[in-house]
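So you can see what is in the structure, the chains are spelled out below.
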There are 4 protein chains.
Amino acid sequence: MTMHKLTQEILKQTITKRANTTHKGDYGRILIIGGTEQYGGAIIMNALAAVNSGAGLVTVATHPSNFSALHSHLPEAMVTDYTQDLAPFITKADVILIGSGLGEQLSILTATLSKVKPEQILILDGSALTLLAEHQLDLPNARLILTPHQMEWQRLSQTEIAEQTPAKNLAALATFTPTPILVLKKFQTEIYTADQIFQLTIGGPYQATGGMGDTLAGMIAGFTGQFHASLEQAVLAAVYAHSAIADDLARERYVVLPTQISAEIPKLMHQYAQKTGS
Amino acid sequence: MTMHKLTQEILKQTITKRANTTHKGDYGRILIIGGTEQYGGAIIMNALAAVNSGAGLVTVATHPSNFSALHSHLPEAMVTDYTQDLAPFITKADVILIGSGLGEQLSILTATLSKVKPEQILILDGSALTLLAEHQLDLPNARLILTPHQMEWQRLSQTEIAEQTPAKNLAALATFTPTPILVLKKFQTEIYTADQIFQLTIGGPYQATGGMGDTLAGMIAGFTGQFHASLEQAVLAAVYAHSAIADDLARERYVVLPTQISAEIPKLMHQYAQKTGS
Amino acid sequence: MTMHKLTQEILKQTITKRANTTHKGDYGRILIIGGTEQYGGAIIMNALAAVNSGAGLVTVATHPSNFSALHSHLPEAMVTDYTQDLAPFITKADVILIGSGLGEQLSILTATLSKVKPEQILILDGSALTLLAEHQLDLPNARLILTPHQMEWQRLSQTEIAEQTPAKNLAALATFTPTPILVLKKFQTEIYTADQIFQLTIGGPYQATGGMGDTLAGMIAGFTGQFHASLEQAVLAAVYAHSAIADDLARERYVVLPTQISAEIPKLMHQYAQKTGS
Amino acid sequence: MTMHKLTQEILKQTITKRANTTHKGDYGRILIIGGTEQYGGAIIMNALAAVNSGAGLVTVATHPSNFSALHSHLPEAMVTDYTQDLAPFITKADVILIGSGLGEQLSILTATLSKVKPEQILILDGSALTLLAEHQLDLPNARLILTPHQMEWQRLSQTEIAEQTPAKNLAALATFTPTPILVLKKFQTEIYTADQIFQLTIGGPYQATGGMGDTLAGMIAGFTGQFHASLEQAVLAAVYAHSAIADDLARERYVVLPTQISAEIPKLMHQYAQKTGS
């Protein structure tokens, strides 16, 4: 099985020039669901990443105790209480990201899974992946993206970390219906589609800090909500951009904070954006 | 019907040199009404724009859950609970901006409309425009400014987006009493007065993100509260300045966030301000 | 009556080199009392100014709804509920600043006035001045500083703004016991001691925005808490520094925000600090 | 007794190059316990310092009123209510920092001391030291670090400040079991191990402001959680780095704020980090 190594070409291919007559509705309505009272920072990092990636409209469904801190960072996002009925929000969303800091909120996850439609993009991150594995939940029919780290993938795929070879990962992925895109977070993160494997060869241990994955999940939401040519390509570009920014910041920092990455997204995207119309 | 294209001349004409003996009372008492618990970010963006535009005193009437995040951004603004009697605040205001993130709060809108006086500037934005259309409310006798995007204008004017030609827009506008200034937000935003049409030819799709209009509404409040020579000119200058800053930021950003625009307003205004006293 | 024009010499004379063996207790324990739920921004601006001026320890007694936004700006400050007994805080303070955003909280003011000791510095600002005038309260025996704008001084001194000449202001000031230092805020702010008048000739209308006075009051608290050679000199230096920073920022800004001034205080102080030990 | 003067060599020796295959679990799970409603800023400063030092995962147990302001600064940290059972958090921690802004919360301190295990690093700061002295609590069997200023050390060691000579400090330290590392904060801070004394000869009175010690405690937590070669060396490096940054900032500031120090940590660490693998 060949692993395709990602290069900056993925950014050039993916980040299209925006047409003049477009409006915010064209760049994705993102619904982010997560953040218990204890893990509220996770959805703040999700949302900062999504908005800075150029998402058109971002709504965050979370514990109300997180509203104020979220708005302190990002008045650009809207909020709603995640214990209320989320159906009206799910219906309007192009992309749903669920799981960062979701903790043990199983009923919110199952209610969401039951309402997602096939044409919607559904990103499952963090606690959502653990809940999926623990409760052996079925995945809904949607355009699925899973973003586990190795331990979460072990739980989901029942493949021990030491056994997580490309072949076994592909085989495990094939047992899910419909087949998700798998972003397996590790040193040199691997991205699996139904029949291809891509590998990240940038990034580094200066990213080994809490919240880094929440920022990545938010970028995937932002990119997939606006770059419609190929879901796979949008995911690959988000993964590459996330570490490209980290590498750049690490030129003068021993560690890189997730929120610092989000602040740099608009500049990186500008640097690689296509200069002529699509 | 000629469309006058806006240029940077509008900034030079409008942004007067401040006289030494003036004080904050000379630069506008702005009352901003909006921001439900879910849409609190909207009034934060309103207020950041108004204060950075040079408003003398800004009070925000909103849901109390938004006080803390607003003050995290902007201790310069005062706050009050929008469910309490707003009459004392309305009485003291030179400019009232109502509607950004107001949601379904009809009674707050109608109470406000009933108290506005003819010499006051009233800016109607966002949800206020939708409520006006849905409930067929009468406009009060005041110096009116409407800031709809095309869909909101469709609801208000009963003119389909595809039919929104300059002639039809002018005709629809003439049905309102007194005639408002209309800021029709779109690609190349158009500004209508009773007998003239102006067009913005700057700005771009890097502005296609939630909250951009809230920032524009706040700038219009800030500009109209302090530049008294002509209400129309103050509106035109605010609209132009908003996109001029966006264009400048977009030289190195793929997307431009509303809060980034507000942070740049004092520098842009300095650049175009008249150097000699008025 | 000669008016002494303030120059940057006041900064050079006042801002002493800190001795190596000093600690935070040497630079002033400041108690700031103010900030209703509606005016919470005022004490945030007070505290930002005091801490950035080099105050050793700052405690803010305010409405609890303001704690979170204050800490979002400034974890360096401590907080307490201003409706609780403030006696333990007043006892420990070197400088007490009361009144910014205090609104109608008369009982907090009178309780504070009754507990201040002669050796303490008491700065009365904003609402405290209005309450003093309205309720004809006696000033306590303390090292007093009043920071009214012209209308507040009119209320306090019963001298109409048009009548506020140096001679009349001095005469009115002499009716207070003990004689306070008066900072009369206006274009070319005047500072009165028992027998001298100083005038600010810097600053400008880019400072005409809400909160500017709250920042000045916080700077006076910070300066008087740490520069012990002369109370008068510390006040003069704070007033001069406040506008010197504004002038500097105004070189590229049409308006200057109070919080922007606070952020620059440590740099200005460094620039004028004595380079050799006192 | 020789005092070893600390130099930048301690940074070069301590700050190792991170191995590529490491993850956040390798860089320390830090539990910070402190921050009453009144002193919430202290744990914000702890956490900012720990995260910016490169801690892998930081959880803050504090009064719930502090959650929002903490997340406004640092969504990277997780939170929990410090009045709830902390056992599950203590069990998972590599480093526990308790005491900054803890006030009179004796039961939280005793519950924590009773659960710490010998292999865990326990940093006792601020109020925890005062409570230890007042209630003559026993220290638990753990890898202990005490961070008193001179008055706190007087209370703990019953040695008057004027009597705190190196010999007496060493002798007093030997009465604790197990022997802690002592960071005695003063002009030219001294660090005592069981048999050695180190002295800081950098830093200055521009650091004499509230919260400076909270930032230092957070840095010690961050450094000891990730640099495993020697606990002593990690403490020394944190102490040195804290003042090295202050000195650098003081080149253009009269005073240096604790939060400004934290923001610079990643850059200082990069500057001194070993360039080749360990």
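Residues numbered from 1 in each chain as written. Chains lettered and ligands numbered in written order. Predicted model: local features only at pLDDT ≥ 70, side-chain atom pairs only at ≥ 80, totals over all residues. Heavy atoms only, no water.

A few points about the UniProt feature "domain: YjeF C-terminal" (unreviewed entry) in chain A
Part 1: On the UniProt side, "domain: YjeF C-terminal" (unreviewed entry) is annotated at positions that read residues 7-272 of chain A here.
Part 2: Summarising residues 7-272 of chain A: 44% helix, 14% strand, and an end-to-end C-alpha distance of 12 Å. (UniProt positions renumbered as here; feature names shortened; annotations may be inferred. Helix = DSSP H or I, 4+ residues; strand = E, 2+ residues; numbered from the N terminus.)

Some thoughts on the interface of chain B and chain A
Part 1: Contact with chain B, which involves 28 residues of that partner, is made by 33 residues of chain A.
Part 2: Around 2,500 Å² of area is buried between chain B and chain A when both sides are counted, 60% of it from carbon and sulfur atoms.
Part 3: On the chain B side of the interface with chain A, the three residues burying the most area are Gln38(B), Pro205(B) and Tyr254(B), jointly 30% of the side's total.
Part 4: Here chain B and chain A share zero salt bridges between them.
Part 5: Those elements giving two or more residues to the side of chain B that touches chain A turn out to be α2 (40-52), α3 (67-73) and α11 (258-272) of chain B.
Part 6: Tallying contributions element by element places α2(B) first for the side of chain B that touches chain A, with five residues. (Contact = heavy atoms within 4.5 Å. Buried area = accessible area lost by both parts, 1.4 Å probe. Salt bridge = Lys/Arg side-chain N within 4 Å of Asp/Glu carboxyl O.)

Considering the side chain of Thr224(C)
Residue and element names in this part refer to chain C.
Part 1: Locating threonine 224 in the fold gives a position in helix α9 (residues 212-226).
Part 2: At 2.8 Å, the side chain of threonine 224 and the backbone oxygen of isoleucine 220 are in polar contact.
Part 3: A polar atom in the side chain of threonine 224 sits 3.3 Å from the backbone oxygen of alanine 221. (Polar contact = N/O pair within 3.5 Å; in protein donor to acceptor, adjacent residues only side chain to side chain.)

Observations regarding the arrangement of the chains
Part 1: Contact between chain A and chain C is absent, and the least distance between their C-alpha atoms amounts to 8 Å.
Part 2: No interface is formed between chain B and chain D, the nearest pair of C-alpha atoms being 8 Å apart.

Some points on α2(B)
Part 1: Between the first and last C-alpha of α2(B) there are 19 Å, a value that for 13 residues agrees with the 18 Å anticipated at 1.5 Å per step.
Part 2: Among the residues trailing α2(B), Gly54(B) stands out with phi positive, at a value near 105°. (Expected span 1.5 Å × (residues − 1).)

With respect to the packing of aromatic side chains
Part 1: Enumeration over the complete set of coordinates arrives at twelve aromatic pairs over all chains.
Part 2: Centre to centre, the rings of Phe223(A) and Phe227(A) are 5.6 Å apart; their planes meet at 70°, and the pair counts as edge-to-face. Each member of the pair, Phe223(A) as well as Phe227(A), carries the same accessibility label: buried.
Part 3: One aromatic cluster is present, built from ring pairs that chain together Phe223(A), Phe227(A) and Tyr254(B).
Part 4: The ring of Phe89(B) has Lys92(B) sitting right over it, with the charged end atom 5.9 Å from the ring centre.
Part 5: Over the ring of Tyr27(C) we find Arg18(C), and its NZ or CZ is 3.5 Å from the ring centre. (Phe/Tyr/Trp six-rings, centres within 6.5 Å; stacked < 30°, edge-to-face > 60°. Buried < 20%, exposed > 50% of the residue type's maximum accessible area, 1.4 Å probe, protein only. Lys NZ or Arg CZ within 6 Å of the ring centre and 35° of its normal.)

Observations concerning the pattern of salt bridges
All names here are of chain B.
Part 1: Enumeration according to the criterion identifies 23 salt bridges over all chains in this entry.
Part 2: When the shortest N-O distance is used, the salt bridge between arginine 251 and aspartate 248 registers 2.9 Å.
Part 3: Of the residues examined, arginine 251 reaches a relative accessible area of 63% and is grouped as exposed.
Part 4: One salt bridge in this structure joins arginine 253 and glutamate 252, with 4.0 Å as the shortest N-O distance.
Part 5: For arginine 253, a relative accessible area of 16% translates into the label buried.
Part 6: On the basis of relative accessibility, which here comes to 42%, the residue glutamate 252 falls in the partly exposed class.

Here we look at the UniProt feature "binding site: AMP" (unreviewed entry) in chain A
All names here are of chain A.
Part 1: When the UniProt feature table is mapped onto this chain numbering, "binding site: AMP" (unreviewed entry) sits at Lys185, Lys186, Phe187, Gln188, Thr189 and Gly213. Look at the named residues: they lie 29 residues apart in sequence, but the longest C-alpha span between them is just 13.8 Å, so in the fold they bunch up.
Part 2: For lysine 185, the position within the fold is in the loop between β8 (181-184) and β9 (190-192).
Part 3: On the accessibility criterion, lysine 185 (17% relative accessible area) is buried.
Part 4: A polar contact is formed between the side chain of lysine 185 and the backbone oxygen of threonine 147, at a distance of 3.1 Å.

Quick notes on the environment of Ala217(D)
Residues and elements named next belong to chain D.
Part 1: For alanine 217, the location among the structural elements is in helix α9 (residues 212-226).
Part 2: On the accessibility criterion, alanine 217 (1% relative accessible area) is buried.
Part 3: Spatially, the C-alpha atoms of alanine 217 and glutamine 158 are 23 Å apart, while their sequence positions differ by 59 residues.
Part 4: Look past the residues within four positions of alanine 217 in its chain and what remains in contact with it is Asn46, Leu97, Ser100, Ile123 and Asp125.

Re the interface of chain A and chain D
Part 1: Listed by partner, the interface residues are 27 residues for chain A and 33 residues for chain D.
Part 2: Note on chain A versus chain D: buried area summed over both sides is about 2,500 Å², and carbon and sulfur give 60% of it.
Part 3: When residues of chain A are sorted by the area they lose upon contact with chain D, Gln38(A), Pro205(A) and Tyr254(A) head the list and together hold 30% of the total.
Part 4: The interface formed by chain A and chain D holds zero salt bridges in total.
Part 5: Linking chain A with chain D are twelve residue pairs in polar contact (both at pLDDT 80 or more), by the criterion used here.
Part 6: Where the side of chain A that touches chain D is concerned, the elements lending two or more residues are α2 (40-52), α3 (67-73) and α11 (258-272) of chain A.

Considering the relation of the copies chain B and chain A
Part 1: Relative to chain A, chain B is turned by 90° and slid 0.0 Å along the rotation axis, the superposed coordinates differing by an RMSD of 0.0 Å. Viewed as a symmetry operation, the transformation between the two copies matches a four-fold axis. Rotation axis and chain B: the residue whose C-alpha lies nearest the axis is Ser72(B), separated from it by 4.2 Å.
Part 2: Of the interface residues in chain B, just 11% have counterparts in chain A that sit at the interface too, so the contact is made through distinct surfaces. (Least-squares fit on C-alpha atoms with pLDDT ≥ 70 in both.)

Some thoughts on the sheet that holds strand β1 (residues 3-5) of chain C
Strand pairing within a sheet occurs via backbone hydrogen bonds; the two strands may be parallel or antiparallel.
Residue and element names in this part refer to chain C.
Part 1: With respect to topology, ten strands assemble into an open sheet ordered β1-β10-β9-β8-β7-β6-β5-β2-β3-β4, the strand pairing being mixed. Edge positions in the sheet fall to β1 and β4 (78-81), since each has one partner strand and no second. Each adjacent strand pair in this sheet contributes to an overall mean axis angle of 20°, direction not counted.
Part 2: Pairing analysis gives two bridges linking strand β7 (residues 143-147) to strand β8 (residues 181-184), with the strands arranged parallel. By the bridge assignment for β8, isoleucine 145 is matched with isoleucine 181. (Pairing = 2+ DSSP bridges. Axes fitted to C-alpha atoms, helices over the stretch in contact; angles between N-to-C directions.)

Observations concerning the relation of the copies chain A and chain D
Put simply, the second copy of the chain is the first one after a rotation about an axis and a shift along it.
Part 1: Between chain A and chain D, the superposition needs a rotation of 90° and an axial shift of 0.0 Å, giving an RMSD of 0.0 Å.
Part 2: Looking at the interface residues of chain A, only 11% of them are also at the interface in chain D, so each copy uses its own face.

Looking at the pairing of β8(A)
All names here are of chain A.
Part 1: Side chains Ile181 and Val183 of β8 all project onto a buried face; the interleaved residues Leu182 and Leu184 project onto the opposite face, where all are buried too.
Part 2: Pairing of β8 with β9 involves three bridges; the strand directions are antiparallel. Among the inter-strand pairings, leucine 182 is bridged to a residue of β9, identified as tyrosine 192.

Remarks on the environment of Val255(A)
Part 1: If you trace the backbone, Val255(A) turns up in the loop between α10 (231-250) and α11.
Part 2: Overall, the relative accessible area of 1% leaves Val255(A) in the buried class.
Part 3: The residues contacting Val255(A), other than those within four sequence positions of it, are Tyr206(A), Gln260(A), Arg18(D), Val51(D), Asn52(D), Gly54(D) and Pro266(D).

Section: unusual backbone geometry
Part 1: Put simply, Thr177(B) and Pro178(B) share a cis peptide bond, and its omega is -10°.
Part 2: Here Pro178(B) is to be found in the loop between α8 (166-174) and β8 (181-184).
Part 3: In this structure, Gln136(D) is a non-glycine residue whose phi angle is positive, near 45°.
Part 4: Structurally, Gln136(D) can be placed in the loop between α6 (127-135) and β7 (143-147).
Part 5: The exposure class assigned to Gln136(D) is exposed, which follows from its relative accessible area of 66%.
Part 6: Positive phi, normally seen in glycine, also occurs at Gln188(D), with a value near 60°.
Part 7: Take Gln188(D): its relative accessible area is 25%, and that puts it in the partly exposed class.

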